[in-house]
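Here is what each chain is made of, one letter per residue.
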Amino acid sequence: MKILHVAAEVFPLVKTGGLADVVAALPVALAEQGADVRLLLPGLPAVMESVLGARTVIDIGSCFGALRVRLLLARMPGTKLPVYVIDAPYLYKRGGSPYQNSQGEEWPDNLQRFALLGWVAAHLAAEDADPMWAPDVVHAHDWHAAMACAYMAEHLPTPASSVFTVHNLAFQGLFPMPDWALLGVATRLLSAAGLEYHGQLSFMKAGLKFATRVTTVSPNYAREIATHEFGCGLDGVIRERGKQVLGILNGIDDALWNPATDPAIATRYDVERLQGKRDCKRALQAELGLQPDDDALLLTVVSRLTAQKGLDLVLAAMPELISAGVQFAVQGTGEPALEAAFRMAQQAHPGRVHVFMGYDEARAHRLVAGADVIAVPSRFEPCGLTQMYGLRYGTLPLVRRVGGLADTVIDADPATLASGRATGFVFDLAVPAAFERCVRRALAAYQNADTWHGLMRSAMGQPLGWAGPARAYLDLYASLRSPAA
Ligand code: ADP
Ligand code: GLC
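Sequence positions are assigned chain by chain, starting from 1 and proceeding in written order. For this description, chains carry letters from A and ligands carry numbers from 1, given in the order in which they are written. Given that the model is predicted, a residue must reach a pLDDT of at least 70 before its local features are reported, and side-chain atom pairs must reach 80 or more before they are shown or counted; all residues, however, enter totals for whole chains, interfaces and linings. Excluded from the side-chain calculation are hydrogens and water; included are all heavy atoms of the structure.

> Could you clarify how one ought to interpret the packing of helix α4 (residues 110-125) against helix α5 (residues 142-154) in this entry?
How two helices pack is summed up by the angle between their axes together with the distance between the axes. Only the stretch in contact is used when fitting a helix axis, every axis being a line fitted to C-alpha atoms; angles between N-to-C directions are given from 0 to 180 degrees. In DSSP terms, a helix is any run of H or I states spanning at least four residues, a strand is any run of E spanning at least two, and both are numbered starting from the N terminus. Orientation of α4 relative to α5, taken along the N-to-C sense of each, is 45 degrees, at an axis distance of 7 Å. Here α4 is positioned oblique relative to α5, judged by the angle of their axes. Regarding α4 and α5, the two cross each other, and that crossing is right-handed. For the pair α4 and α5, the contacting residues are F114, A115, L117, G118, W119, A121, A122 and A125 in the first and W143, H144, A145, M147, A148, Y151 and M152 in the second. Residues were grouped as follows: Ala, Val, Leu, Ile, Met, Phe, Trp, Tyr, Cys and Pro as nonpolar; Asp, Glu, Lys and Arg as charged; and all remaining residues, including Gly, as polar. Its residues assigned to classes, the contact of α4 with α5 comprises 13 nonpolar, two polar and no charged. Angle categories are assigned with fixed cut-offs, so that under 35 degrees is roughly parallel, over 145 is roughly antiparallel, 65 to 115 is roughly perpendicular, and the rest are oblique. Crossings are classed by handedness, with left-handed meaning an anticlockwise turn of the near helix from the far one by less than a right angle and right-handed meaning a clockwise turn. Here, residues are in contact when the closest pair of their heavy atoms is within 4.5 Å.

> I tried to follow the nonpolar core on my own but got confused; where do I start?
The nonpolar side chains of a soluble globular protein tend to be buried, and buried together. For our purposes a nonpolar core is just a set of buried Ala, Val, Leu, Ile, Met, Phe, Trp, Tyr and Cys residues, chained together by side-chain atoms within 4.5 Å. Each residue is placed in one exposure class: buried if its accessible area under a 1.4 Å probe, protein chains only, is under 20% of its type's maximum, exposed if it is over 50%, and partly exposed if it falls in between. Formed by 110 residues in total, the largest nonpolar core has its most connected members in L40, I86, L116, L183 and L208. It is α4 that provides the largest number of residues to this core, a total of 10 residues. In this document the domain limits rely on a domain assignment from an automatic tool or a database. Among the domains, domain 1 (2-251 + 467-480) and domain 2 (275-460) are the pair contributing at least three residues each to this core. Once residues within four sequence positions are removed from consideration, L40 is found in contact with L4, H5, V6, A7, L71, Y84, I86, L117, V120, A121 and L124.

> Would you mind showing me how to read the packing of aromatic side chains here?
Each aromatic ring pair is summarised here by two numbers: the centre-to-centre distance and the angle between the ring planes. Each Phe, Tyr or Trp ring, with Trp reduced to its six-membered ring, pairs with another whose centre is within 6.5 Å; inter-plane angles below 30 degrees give stacked pairs, above 60 give edge-to-face pairs, and intermediate values give tilted ones. Tallying each qualifying case throughout the model produces 15 aromatic pairs. Between F114 and W143, the ring centres sit 5.1 Å apart and the planes meet at 75 degrees, which makes this aromatic pair edge-to-face. Of the two residues, F114 sits in helix α4 while W143 sits in helix α5, which places them 29 residues apart along the sequence. Its relative accessible area of 1% is what places F114 among the buried residues. Cluster of aromatic residues (ring-pair linked, three or more members): Y99, F114, W143, F175 and F203. Note on criteria: charge over ring means Lys NZ or Arg CZ within 6 Å of the ring centre, with the direction from the centre no more than 35 degrees off the ring normal. A cation over an aromatic ring shows up here: R94 above the ring of W107, its NZ or CZ 4.7 Å from the ring centre. Between the NZ or CZ atom of R363 and the centre of the ring of F356, over which it lies, the distance is 4.1 Å.

> Help me out: how do you make sense of α4 in this one?
One turn of an α-helix holds 3.6 residues; hence residues three or four places apart share an orientation. By definition here, a helix of n residues has an expected span of 1.5 Å times n minus one. Taking 1.5 Å as the rise per residue, α4 with 16 residues should run 22 Å; its terminal C-alpha atoms sit 23 Å apart, in good agreement. When you tally the buried positions in α4, you get 15 out of 16 residues, the bulk of the element. Positive backbone phi, at 65 degrees, marks E127, one or two positions downstream of α4.

> For this particular structure, what's the right way to read the site of ligand 2?
Around ligand 2, the surrounding shell holds 14 residues, and the nearest of these are H167, N250, E381, C383 and G384. Residues adjacent in sequence count toward polar contacts only when both atoms are side-chain atoms; beyond that, a polar contact is any pair of N or O atoms within 3.5 Å, and within protein one must be able to donate a hydrogen and the other to accept it. One of the side-chain N or O atoms of H167 is found 2.7 Å from an oxygen atom in ligand 2. Note that an oxygen atom of ligand 2 is positioned 3.3 Å from one of the side-chain N or O atoms of Q308. Contact with the protein chains removes 93% of the 310 Å² of surface that ligand 2 exposes when unbound. The leading source of residues in the shell around ligand 2 is helix α1 (residues 18-32), at three residues. Considering only residue class, the shell around ligand 2 consists of six nonpolar, six polar and two charged. Whether a residue is near a molecule or strand depends on its heavy atoms: it is near if one of them lies within 4 Å of it. Note that accessible areas follow from Shrake-Rupley with a 1.4 Å probe, and for residues the cover is restricted to the protein chains shown.

> What is the right way to read helix α11 (residues 336-348) from this model?
Taking 1.5 Å of rise per residue, the 13 residues of α11 would be expected to cover 18 Å, and the 18 Å separating its terminal C-alpha atoms lies within 8% of that figure. Turning to α11, its buried residues are L338, E339, F342 and A345. Mapping the buried residues of α11 onto a view down its axis gives an arc of 120 degrees, with all of them on the same face. Pointing more than 90 degrees away from the buried face of α11 are the exposed residues P336, A337, M344, Q347 and A348. Arc, as used here, means the arc of the directions from the helix axis to the C-beta atoms.

> Where do I start with the packing of α5 against helix α6 (residues 203-210) in this structure?
Viewed as axis vectors pointing N to C, α5 and α6 meet at an angle of 50 degrees, and their least axial separation amounts to 7 Å. The angle between α5 and α6 places the two elements in the oblique class. Once α5 is placed against α6, the crossing between them reads as left-handed. On the side of α5, the interface is formed by W143, A146, M147, C149, A150, A153 and E154, while α6 contributes F203, M204, A206, G207 and F210. Taken together, the residues of the contact of α5 with α6 sort by class into 10 nonpolar, one polar and one charged.

Dropping the structure here:
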């Protein structure tokens, strides 16, 4: 089966969040199970500089405001995965993030930049972009790739099916309605039955309405987004799709995130050699200038600093928890107000709080390996990857019971502790007192070495790789090709 994955980011070339990790690992896992998988990416500078052996497949000429557009075929570095790259310097050759300039403002031509991505995907599906290869399934990720589903359903007749995966419903790709003419779609798509969303054009709706199937990245988030509370105004559209919305839990790249082989950490360890984890904690305390204290519960956060992530709860509970013996190591970038608040926390509690405002992969590995607990107190969380990295490293996740966090962490209560199923700590209400109580429960468990080791063992024993999720996607793709689909 031939599958084309379409996305705006892929680790390690371009990454703003977990989407990049998924787009790097899932296609490789699918290929390992026999699928013929390719990737389609916009030609952002890091992509153009890193892909190997690029050759032109087709000269597209001028479209979406760009004078010279070419489709290249190359190979992803570090894998054998073939990757199509859209070379359109006018739209993609610029600094900043894939979505925003260095001042944090959305690029004003995002509509053209991401419509082009979907348009090229649809042409590959329609077998008129590459005479040598056409997908059976186009798998589009998030709003950036969603227009592929609308172009395929409404404009380019193709036997191929489309799958649209929602990684985060909160980012929707909304544009002014008058810009519709730039999309090259029929006016019938401009109603609420098409791309219109409260007077704007919504790329997210293009995926939700026109994909053959919609998936999201955890079963629990699939249920949540059909509700008013989590639906971001699109719950009605999601409910309409009924059983065609499926939740498939993400995996993690367990070659990259493996404490037994991780080159970034002080001492490698596994479930049979846990003293290495103690060395990692000591090395981290020394590196960050935290008090060298084995008895302190070292809690880490590695996260985008945005309202989604609920980190205001951490800030509010911090003074009490520091008095109770907790240390904090925070790494993130994001909203200026949260960054400033974390900086102030570090100044107020030297030796107990360390904050690094920046993006650094190797450092993230050291934090995950060295901490005792990784906190993910999100207000909503489609899947979340860092709590799974925590499980893998015996760094117990402490999470809010929401989205994929609820699907991946089993709270340590008397019953789950007795049966050996507990893997972390879960709280319900998004209020500082609930977070604080949960950390205090973790602290109490930490003070009992047997309990803590039992928890670490069951956390580290969880199956978290991509093989299972890849099988679930292959079953889904296969079901689309059967006549009953
Ligand atoms: P989201 O995609 O919502 O940001 P995820 O938990 O799915 O949340 O993925 C976040 C990814 O980004 C993880 O791989 C995490 O390690 C990484 N990450 C987030 N912030 C940083 C940072 N400041 N430095 C290094 N890695 C980070
Ligand atoms: C999004 C979500 C996150 C998820 C990631 C990968 O960024 O916020 O929860 O883990 O996508 O699917």
